[in-house]
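# Observations on chain architecture
Given next are the chains, with one letter for each unit.
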Amino acid sequence: MSGPAGRECQIVATEHGWAGRFRAMGSPCEVLLESGTRNQAASITSAVAAEAWRIEDKFSRYLKGNIVDQINTANGASVKVDDETANLLDFAATLYKLSDGRFDITSGVLREVWTFDGGDHIPDPSSVEAVLSRVGWSRVQWARPVLTLEPGMEIDFGGIGKEYAVDLCVAHIRDSQSGPGLVNFGGDLAISGPPMRRRAWKVAVEGTLPDAADHLIDLRQGALATSGDARRFLCRDGVRYSHILDPGTGWPVPDAPASVTVAADTCTQAGMTSTLAMLEGLGAEKFLAQQDMLHWCRR
Amino acid sequence: MADVGVTKMTKSHRKNDRSVSATLAAATCALLGTGASAPVDAQEEPKWDFNTSFLYYGEDENRVQDASLKSIIRRLFADDKSLSIGVTVDTLTGATPSGAIRQDVAQTFTRPSGNAAYSVPAGELPLDDTFKDTRVALTANWTQPAGEKGLLSVGMSASKEYDYLHTGLNANYAHDFNNRNTTLSAGIAVARDSIEPVGGAPTPFTPMLDVGDVSNRNGDQDKDVLDVIFGVSQVISRDLVMQVNYSYSMSDGYLNNPYKVLSLVDGVTGDTLPRTTPLPPDGGPSGQFLFEGRPDERTQHSLYTQAKYNMNGKVLDVSYRYMTDDWEIDSHTMDVRYRWPIGAGSYLEPHLRFYTQSEAEFYRLSLDSSQPLPQFASSDYRLGNFDAITAGLKYGWKTRNGNDMSLRVEWYTQSGTVPAGQLIGNQAGRDNYPDLNALIVQFSYRFSQ
């Protein structure tokens, strides 16, 4: 495999078949396959990687010239978007409504003042206030297929992209009829079906207490996704600031769990449910219990 | 400002959070351009598994009563490794047949301890009622995968009761073939048991002595047991699994029951010979009784076959075992269980078991004093010719927090016959084989976390 710098796939034999590895969306990505030859595993991995890189190229906010860049640099002009982008915008609009405005794809600009590196730099309230004036999906005009942002506003699919890519890649494995597989993009994962030679795919989820052993999950159908990261936070004067920002205040959600992992039918559902739970702060556990989904909430 | 497609921030609170997952599912379908996805099937592997049961076994006519409490704690680790520890505590009380025959007159016997005597009324089966014991048993097993398709298990066992100490080691390996449709397994177990009879082990064929006389006792004895098992289990279809096992067992050492005697009888009347000396003040046996003697080796072979058939959730489990040994005991066991689901998590399971065995080659109802003594002899009813039936019903259910409970009630009945050729004189008119009826009640509780 070859391609742009860093875009390479690696195939290794594992105890249960093959693992195809590559990097995309800033995460290590993995495709686990149970059957077939090394060449078949390589061809499926390269197709999965190509799909992941396509989504990354199209929706990364760091790349110039893609649709997100066109939208973010339109400076108040309307942008007509393609179907896939429109579907993502529709989805974001639904999530915004579903979360009472707490899930907002225009909140990415808050990162101009917040850097979650484990340090103690807390921005001063006036600068947060200044950035907050450029946040708010309610101020966006979205009339499919035309999107219009106020000047200075930006959108960011970072909260959806990885889970969306996992689901599309799993669908690809399912369509390829190549036997069951697991797609894992930096801990967000889904399977195309139950394994043939074992009862279930085995997935380790970090323990809920700092020193607790991992939970071992038997996955026979569906997906797992995690929101939150034990390494991404700020700490000052004994107060721990999570990296989950409330777009209503511009400040970290108080009392958010360290991370939340959810099992659901699709990786997108699992990821969004875990994100919505994080945004609930102290109410995360209650929210998760109401969803009637298998979940792990770490504080 | 166009209204279409513009989302206004709503301050109204979500009426019900269940709608969140439903709305999210619909939105995800639209995003991915797919129909409804197959529902998630994820399960956290439990880390601890506790299995506790209380068993009551009670024979009628005040014979053996056993109350047993058993707990198995299993700790599951990553990569399918597990450690299992079992503890069982039994309390046994009641009376067991001494091996002597019924007489038309009252009989007296020296207790196994040699410290006292007891009497049995005329016409009644001689039972030794000093049977009282507490048994504590421990097991430990470690199981782990060996390679991709193998499973290795090693364990140890130990149990202690007043007059018995068991220590054992075991190992088992199972290997999957043929896409896990076939499993071959092999196991080995070795045990060293020490028999520490009350008052010491009596020399075989020596007489039951008067109270206070322990001159025929030999202290503790031991035996070694080796068990080897080979098995194959085969998935025949989605609904049918079959299993065949062959097992071999070799016991070597002291295999007698130190408390069992045989009546030494008149060759014509069949009645127990009376003692030849006056009964001492502290008491002693009223007649002549000789301690039993068995071979010091026993080799058993058994073949077991089982079929489990799933009929839309109802499971029929049928098994048959044939056992033969060099004591010339042949036995057949037929076992049928039918698990019948009767609602969410609950089921009824009727159980029927038929057992039949032929007597050991050295089984004797009594010893004929007009004939030379045989090399081996025992009147232990468990070595006799008998049939047994177990019939029962189990009810199992899930508790509100997902744990399993079950209650099993079973009746056991055993009836035997003494070969006609062994009956001498008056013995022909008596009920010689001690039939047995027992009630078994078991309550089990299992939970995982």
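The rules behind the values
Residues numbered from 1 in each chain as written. Chains lettered and ligands numbered in written order. Predicted model: local features only at pLDDT ≥ 70, side-chain atom pairs only at ≥ 80, totals over all residues. Helix = DSSP H or I, 4+ residues; strand = E, 2+ residues; numbered from the N terminus. Buried ≥ 20, exposed ≤ 12 C-beta atoms within 10 Å, placed from the backbone. Contact = placed C-beta atoms within 7 Å. Nonpolar A, V, L, I, M, F, W, Y, C, P; charged D, E, K, R; others polar. Pairing = 2+ DSSP bridges. Axes fitted to C-alpha atoms, helices over the stretch in contact; angles between N-to-C directions. Parallel < 35°, antiparallel > 145°, perpendicular 65-115°, else oblique. Left-handed = near helix turned anticlockwise from the far one by under 90°. Core = buried A, V, L, I, M, F, W, Y, C linked by C-beta atoms within 7 Å. Domains from an automatic or database assignment. Expected span 1.5 Å × (residues − 1). Arc of directions from axis to C-beta. pLDDT = per-residue confidence, 0-100.

### Looking at the overall build of chain B
The helix and strand inventory of chain B stands at one helix and 22 strands. Going through the 449 residues of chain B one by one, you find that 18% of them count as buried. Across chain B, contacts joining residues at least 24 apart in sequence account for 63% of those joining residues at least 6 apart.

### Things to note about the overall build of chain A
Counting its regular elements, chain A contains seven helices and 15 strands. Across the 299 residues in chain A, those meeting the buried criterion constitute 43%. A sequence separation of at least 24 residues applies to 61% of the contacts in chain A between residues at least 6 apart.

### Observations concerning the interface of chain B and chain A
Contact with chain B, which involves 35 residues of that partner, is made by 48 residues of chain A. Secondary structure elements with two or more residues in the side of chain B that touches chain A: α1 (18–32) and β1 (41–44) of chain B. Element by element, the count of residues in the side of chain B that touches chain A is highest for α1 of chain B, at 11 residues. Here the side of chain B that touches chain A is composed, by residue class, of 17 nonpolar, 10 polar and eight charged. Pairing geometry for strand β10 (residues 215–221) of chain A and β1 of chain B, over four bridges, is antiparallel. From the neighbouring strand, Gln221 of chain A faces β1 of chain B, where its bridge partner is Asp41 of chain B.

### Describing the packing of helix α5 (residues 161–175) of chain A against helix α6 (residues 267–279) of chain A
Residues and elements named next belong to chain A. Viewed as axis vectors pointing N to C, α5 and α6 meet at an angle of 160°, and their least axial separation amounts to 8 Å. Taken together, the axis directions place α5 and α6 in an arrangement best described as roughly antiparallel. The two elements α5 and α6 cross, and the hand of that crossing is right-handed. Every residue of α6 that contacts α5 at Glu163, Tyr164, Val166 and Asp167 is listed here: Cys267, Thr268 and Gly271. In terms of residue class, the contact of α5 with α6 is made up of three nonpolar, two polar and two charged.

### Brief notes about the nonpolar core
In a soluble, globular protein the nonpolar side chains are often hidden away together inside. Ranked by internal contacts, the top residues of the largest apolar core, which has 87 residues, are Val166, Val183, Ala223 and Leu224 of chain A. If you count residues domain by domain, this core takes at least three from each of domain 1 (10–61 + 162–198) and domain 2 (67–155 + 227–298) of chain A. Apart from residues no more than four positions distant in its own chain, Leu224 of chain A is found in contact with Leu189, Val203, Ile217, Leu219, Thr261, Ala263 and Ala270 of chain A together with Ala42 of chain B. Ranked by size, the runner-up nonpolar core spans 17 residues in total, among them Ile101, Leu262, Phe376 and Val418 of chain B.

### A short note on the environment of Ser448 of chain B
All names here are of chain B. Note that Ser448 resides in strand β22 (residues 436–448). Here the alpha-carbon distance between Ser448 and Asp404, two residues 44 residues apart in the chain, equals 9.3 Å. Contacts of Ser448, omitting those with residues within four sequence positions, involve Pro46, Trp48 and Asp49.

### Let's talk about the packing of α6 of chain A against helix α7 (residues 284–291) of chain A
Residue and element names in this part refer to chain A. As a packed pair, α6 and α7 sit with axes 7 Å apart at the nearest point and diverge in direction by 145°. Read as a crossing pair, α6 and α7 show a hand that is right-handed. For the pair α6 and α7, the contacting residues are Thr273, Leu276, Ala277 and Met278 in the first and Ala284, Phe287, Leu288 and Gln291 in the second. Here the residues of the contact of α6 with α7 sort into six nonpolar, two polar and no charged.

### What to know about the sheet that holds strand β9 (residues 201–205) of chain A
If you walk across this open sheet you meet the three strands as β9(A)-β10(A)-β1(B), and the pairing is antiparallel. Strand pairing shows two members of the sheet lacking a second neighbour, β9 of chain A together with β1 of chain B, which therefore form its edges. Taking the axes of each pair of neighbouring strands and ignoring which way they run, one obtains an average angle of 30° across the sheet.

### Focus: the pairing of β10 of chain A
Both β9 of chain A and β10 of chain A contribute to a ladder of five bridges, which runs antiparallel. Its bridge partner being in β10 of chain A, Val203 of chain A is matched across the sheet by Ile217 of chain A.

### Quick word on unusual backbone geometry
Residues Arg144 of chain A and Pro145 of chain A are joined by a peptide bond in cis, for which omega reads 5°. Positive phi values are uncommon outside glycine, yet Asn75 of chain A reaches one of about 55°. Its location among the elements puts Asn75 of chain A in the loop between α2 (67–72) and β4 (78–80). Classification of Asn75 of chain A by C-beta neighbours within 10 Å gives exposed; the count is 10. Located in the positive-phi region is Phe205 of chain B, a residue other than glycine, with phi close to 65°. Mapping Phe205 of chain B onto the fold places it in the loop between β10 (182–195) and β11 (221–237).

### Comments concerning α5 of chain A
All names here are of chain A. Taking 1.5 Å as the rise per residue, α5 with 15 residues should run 21 Å; its terminal C-alpha atoms sit 21 Å apart, in good agreement. Most of α5 sits out of view: 11 of its 15 residues are buried. Taken from the residues just after α5, Gln177 is the one with a positive phi, measuring 55°.

### Examining the sheet that holds strand β14 (residues 289–291) of chain B
Here we have three strands laid out as an open sheet, ordered β14-β13-β19 (chain B), and mixed in their pairing. This sheet does not close on itself; its edge strands, each paired only once, are β14 and β19 (367–368) of chain B.

### Looking at the pairing of strand β6 (residues 117–120) of chain B
Residues and elements named next belong to chain B. Where strand β5 (residues 107–110) and β6 come together, four bridges link them in antiparallel fashion. Its bridge partner being in β6, Thr110 is matched across the sheet by Ala117. Between the end of β5 and the start of β6, which pair antiparallel, lie six residues, with Gly114 showing a positive phi angle near 80°.

### Quick notes on the environment of Phe354 of chain B
Residue and element names in this part refer to chain B. Residue placement: Phe354 occurs in strand β18 (residues 347–357). The partly exposed category is assigned to Phe354, around which 15 C-beta atoms lie within 10 Å. Beyond its immediate stretch of four places on either side in the chain, Phe354 contacts Met334 and Ile389.

### Some remarks on the environment of Asn184 of chain A
Among the secondary structure elements, Asn184 of chain A is positioned in strand β7 (residues 181–185). Among the residues examined, Asn184 of chain A registers 23 C-beta atoms within 10 Å and is labelled buried.

### Overview of α7 of chain A
Residues and elements named next belong to chain A. Of all the residues in α7, the buried ones are Ala284, Phe287 and Leu288. Taken end-on, α7 shows its buried residues confined to a sector of 95°, consistent with a single buried face. For α7, the secondary structure elements touched by its buried residues are β14 (259–264), α6 and β15 (295–298). Backbone geometry just after α7 places Asp292 at a positive phi near 55°.

### A look at the confidence of the model for chain B
Reading predicted coordinates in detail is not appropriate for stretches of low pLDDT. Residue and element names in this part refer to chain B. On average, residues of chain B carry a pLDDT of 91, and 95% of them reach 70 or more. Predicted confidence for residues 1–15 stays below pLDDT 50, and this span has 23 contacts to residues more than four positions away or in other chains. This complex was scored by the predictor with a pTM of 0.66 and an ipTM of 0.88.

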